[in-house]
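Chains, contacts and geometry: an overview
Listed below, chain by chain, are the residues.
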Amino acid sequence: MQPLSKVLPPSAATTPEGHLSIGGCDVVALAEEYGTPLVIYDGGLLRDTMRRYVQAFRAHDPHTEVIYASKAFWAQALLRMAHEEGLRMDVASGGELFMALHAGFPADKIVMHGNAKDAKEIGEALDALVGLVVVDSLDEIALLDQLAGERGRTQDVLVRVTPGVKPSTHKYISTGQLDSKFGFSLEGGLAADAVAACRAAANINLMGLHCHIGSQIFELGAYPAAAHLLAQFVKEQGGDDLAIMDMGGGLGIAYTRDDDPPSVEEFADVVMDAVHAEWDAAGLPRPRVMVEPGRSVVGRAGLTVYRVTGTKDIPGVRRYAAVDGGMSDLMRPMLYGATYEALLPERPDAEASQSLRLVGKHCESGDVLIQEADLPEVGRGDLVCLPATGAYGVAMASNYNGVTRPAVVFVDQGKATLAVRRETYADLVARDL
Ligand code: LLP
């Protein structure tokens, strides 16, 4: 288990019977009680990470706000925890807004995102009295102005800027470059047009800028590069209505033993020092900084346990092991070529003796969880666990092939609490008329 310590929660341990335990709970017992596939979150680690985020950023400036990007994982239990820990909430659609409000999140702490908000969603945000709307297009600014006016109120907004910085990450999760469906580019003057449109709108109150350069970022140098361009832009635009600078999310996590992501504290130091240095150098008053992490809050705290349904050997080719889940609960390998580690919860310390292809149960050849998984002997009925599936795992789950979505359980100090029940066959037909 030692080589996997970077991808497992720090609470990972071996029980006296030699099983994997997380948060003081035996993973084999959890799989028996709740069934598989099962997504297990270390509740203590979730809370700790939220606290570390708030402390690390507020150490630089007590007014800094940490906004959790709920798209990474949105169970009600998690949203309630984020509120208890003093985070704000990023929602990217009417549905995410509903889930945050349903969890009791105060509307004024909610930041409404989305590159294609429709009138219904904008109306929902206005009616809920969300704290900030991040505007993403000129059409949206006009519509928001109109809908706010109809309600006789003004809405605080941030303008989403794409600074033209390209972080080193997968192209599907890179968002800060010029050619992007998100936001307003600095280049070509789109961002300046957006600021002007907000200033001219009677029912919009411009509060600042937003910038999310991408996701799963290890090289933090892209943040100072973005901060430099943003400070220049704020200077050009003048005015004291650009007082908030939301620097987005993006900090990466370790998916494999070879990954070495920066810590939350290093991320906070780089972002805060860069913003302060750039705003100081431009002779501007320091902004109120916000950050919007998703993956790095929940990723390492979650792991998925599957049961092996069978193995096969193709002579001279390879061995396959199939499990009872796959692309319906973990899209990332298929969508981004993402890599994961695997271990056996029944014998986490056993030496790997073979390399096999770990595949899911879906009718797609591409439904491969791990191309080359190094594992001990494994056969039908064994449990296999993939660490670091806490972000964008169940959040992107589907019902492809009529596969029901997994249960989610939180563990902490030896206690397990079911957070999301397993989907049932009845759920599969519940919407059909
Ligand atoms: N803020 C905005 C505006 C975003 O679009 C995102 C992520 C975040 C914050 C949070 O970024 P994070 O800290 O999680 O990197 N499904 C992909 C990731 C998509 C990220 C989308 N936006 C994946 O599984 O890698």
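Sequence order as written defines residue numbering, which begins from 1 separately in each chain. Per-residue local features are limited, in this predicted model, to residues with pLDDT of at least 70; the limit for side-chain atom pairs, both in listing and counting, is 80 or more; totals at the level of whole chains, interfaces and linings are taken over all residues. Think of the side-chain values as coming from all heavy atoms in the structure, minus any hydrogens and water.

1. A short note on the nonpolar core
- The biggest cluster of nonpolar side chains holds 89 residues, and the ones touching the most others in it are Tyr-41, Tyr-68, Phe-73, Leu-209, Met-247 and Val-298.
- These domain limits were set by an automatic method or by a database of domain assignments. In terms of domain composition, this core takes at least three residues from each of domain 1 (2–35 + 301–428) and domain 2 (44–295).
- For this analysis, residues touch if any pair of their heavy atoms sits within 4.5 Å. Aside from chain neighbours lying at most four places away, what touches Tyr-68 is Phe-73, Leu-78, Leu-79, Leu-87, Arg-88, Met-89, Asp-90, Pro-293, Gly-294, Val-297 and Val-298.
- Counting 45 residues, the second largest nonpolar core, distinct from the first, contains Leu-20, Ala-31, Ala-342 and Leu-369. Put simply, buried Ala, Val, Leu, Ile, Met, Phe, Trp, Tyr and Cys residues joined by side-chain atoms within 4.5 Å make one nonpolar core. For the exposure calls, accessible area comes from a 1.4 Å probe over protein chains only, and a residue counts as buried if that area is under 20% of its type's maximum, exposed if over 50%, partly exposed in between.

2. A word on the site of the ligand
- Here a residue is near a molecule or strand as soon as one of its heavy atoms is found within 4 Å of it. Among the 19 residues in the neighbourhood of the ligand, the closest are listed as Ser-215, Glu-292, Arg-332, Tyr-336 and Tyr-392.
- Arg-332 places a side-chain nitrogen or oxygen 2.6 Å from an oxygen atom of the ligand.
- Amino acids outside the nonpolar list (Ala, Val, Leu, Ile, Met, Phe, Trp, Tyr, Cys, Pro) and the charged list (Asp, Glu, Lys, Arg) are all regarded as polar, and Gly is one of them. A class-by-class count of the residues in the shell around the ligand yields six nonpolar, seven polar and six charged.
- Taken domain by domain, the makeup of the shell around the ligand includes at least three residues from each of domain 1 (2–35 + 301–428) and domain 2 (44–295). Identification of polar contacts relies on pairs of N or O atoms within 3.5 Å, with a donor-acceptor requirement for protein atoms, meaning one able to donate a hydrogen and the other able to accept it, and with residues adjacent in sequence counted only if both atoms are side-chain atoms.

3. A short note on helix α6 (residues 138–150)
- Between its first and last C-alpha atoms α6 spans 19 Å; for 13 residues at 1.5 Å apiece the expected length is 18 Å, and the two agree.
- Of all the residues in α6, the buried ones are Glu-140, Ile-141, Leu-144, Asp-145, Leu-147 and Ala-148.
- Looking at the packing, one finds that the buried side of α6 touches α5 (119–128), β8 (132–135), β9 (155–162), β10 (184–185), α7 (190–200) and β11 (204–210). Numbering of helices and strands starts at the N terminus; helices are DSSP runs of H or I of at least 4 residues and strands are runs of E of at least 2. To estimate the expected span of a helix, count its residues, drop one, and scale the result by 1.5 Å.

4. Looking at the domain arrangement of the protein chain
- Each assigned domain of the protein chain is listed with its residue range as follows: domain 1 (2–35 + 301–428) and domain 2 (44–295).
- Averaged C-alpha coordinates put domain 1 and domain 2 at centres separated by 32 Å.
- On the side of domain 2, 23 residues touch domain 1, which itself brings 25 residues to the contact.
- Simply put, the buried area is the total loss of 1.4 Å probe accessible area from both parts when two parts are fitted together. Where domain 1 abuts domain 2, roughly 2200 Å² becomes buried across the two surfaces, and 64% of that area is made up of carbon and sulfur atoms.
- Interface area lost by domain 1 to domain 2 is led by Lys-6, Tyr-392 and Phe-410, which between them contribute 27%.
- Any Lys or Arg side-chain nitrogen found within 4 Å of a carboxyl oxygen on Asp or Glu counts as a salt bridge. Scanning the region where domain 1 abuts domain 2 turns up two salt bridges.
- For Glu-341, the salt bridge identified is with Arg-257, shortest N-O distance 3.0 Å.
- The interface formed by domain 1 and domain 2 holds four residue pairs in polar contact (both at pLDDT 80 or more) in total.
- Of all the secondary structure elements, the ones that give two or more residues to the side of domain 1 that touches domain 2 are α11 (332–336), β19 (407–412) and β20 (415–420).
- It is β19 that provides the largest number of residues to the side of domain 1 that touches domain 2, a total of four residues.

5. Observations concerning the packing of aromatic side chains
- Pairing of aromatic rings covers Phe, Tyr and Trp, the last through its six-membered ring, and needs centres within 6.5 Å; plane angles under 30 degrees mean stacked, over 60 mean edge-to-face, and all others mean tilted. As enumerated under the stated definition, the model contains eight aromatic pairs in all.
- Ring centres of Tyr-41 and Phe-410 lie 5.7 Å apart, and the angle between their planes is 50°; on these two criteria the pair is classed as tilted. Of this pair, Tyr-41 sits in strand β4 (residues 38–42) while Phe-410 is found in strand β19, placing the two residues 369 residues apart along the sequence. Like Phe-410, Tyr-41 is buried.
- Between Tyr-223 and Phe-267, the aromatic rings sit 5.2 Å apart at their centres with planes inclined by 75°, giving edge-to-face as the arrangement. Placement of the pair is Tyr-223 in helix α8 (residues 222–237) and Phe-267 in helix α9 (residues 264–281), with a sequence separation of 44 residues. There is no split in this pair, since Tyr-223 and Phe-267 are both buried.
- Among the aromatic residues, ring-to-ring pairing joins Tyr-53, Phe-57, Tyr-223 and Phe-267 into one connected group.
- The aromatic ring of Tyr-320 is capped on one face by Lys-312, whose charged end is 5.4 Å from the ring centroid. Should the NZ of a Lys or the CZ of an Arg lie within 6 Å of a ring centre and within 35 degrees of the ring normal, that charge is described as sitting over the ring.

6. Overview of the pairing of strand β13 (residues 288–291)
- Pairs of strands are assigned from DSSP output, requiring at least two bridges between the strands. Summarising the sheet, strand β5 (residues 65–69) and β13 pair through two bridges and their orientation is parallel. Across the sheet, residue Glu-65 finds its bridge partner in β13, namely Met-290.
- Examined bridge by bridge, strand β12 (residues 244–246) and β13 share three bridges and lie parallel to one another. Opposite Met-245, over in β13, you have Val-289 as the bridge partner.

7. Concerning the state of the cysteines
- For this text, the term disulfide refers to a pair of cysteine sulfurs within 2.5 Å. What the rule picks out here adds up to zero disulfides.
- The thiol of Cys-25 is not disulfide-bonded; the next cysteine sulfur, from Cys-385, is found 14 Å away.
- Free cysteine: Cys-198, not disulfide-bonded; nearest cysteine sulfur from Cys-211 at 16 Å.

8. What about the sheet that holds strand β3 (residues 25–26)?
- Reading across from one edge, β1-β2-β3 is the order of the three strands in this open sheet, with antiparallel pairing throughout. Every other strand in the sheet has two partners, leaving β1 (13–14) and β3 as the edge strands with one partner each.

9. Details of the packing of α5 against α6
- The axes used here are C-alpha line fits, helices contributing only the stretch in contact, and every angle between their N-to-C directions lies in the interval 0 to 180 degrees. Remark: α5 packs on α6, axes separated minimally by 10 Å, with the N-to-C direction vectors making an angle of 50°. The angle between α5 and α6 places the two elements in the oblique class. For the crossing formed where α5 meets α6, the hand is right-handed. Taking contact as the criterion, the partners of Ala-119, Ile-122, Gly-123 and Leu-126 in α5 are, on α6, Glu-140, Leu-143, Leu-144, Leu-147 and Ala-148.
- Partitioned by chemical class, the residues of the contact of α5 with α6 number seven nonpolar, one polar and one charged. These descriptions rest on fixed angle ranges, namely under 35 degrees for roughly parallel, over 145 for roughly antiparallel, 65 to 115 for roughly perpendicular, and the rest for oblique. By convention the crossing between two helices is left-handed if the near helix lies anticlockwise of the far one by an angle smaller than a right angle, and right-handed if it lies clockwise.

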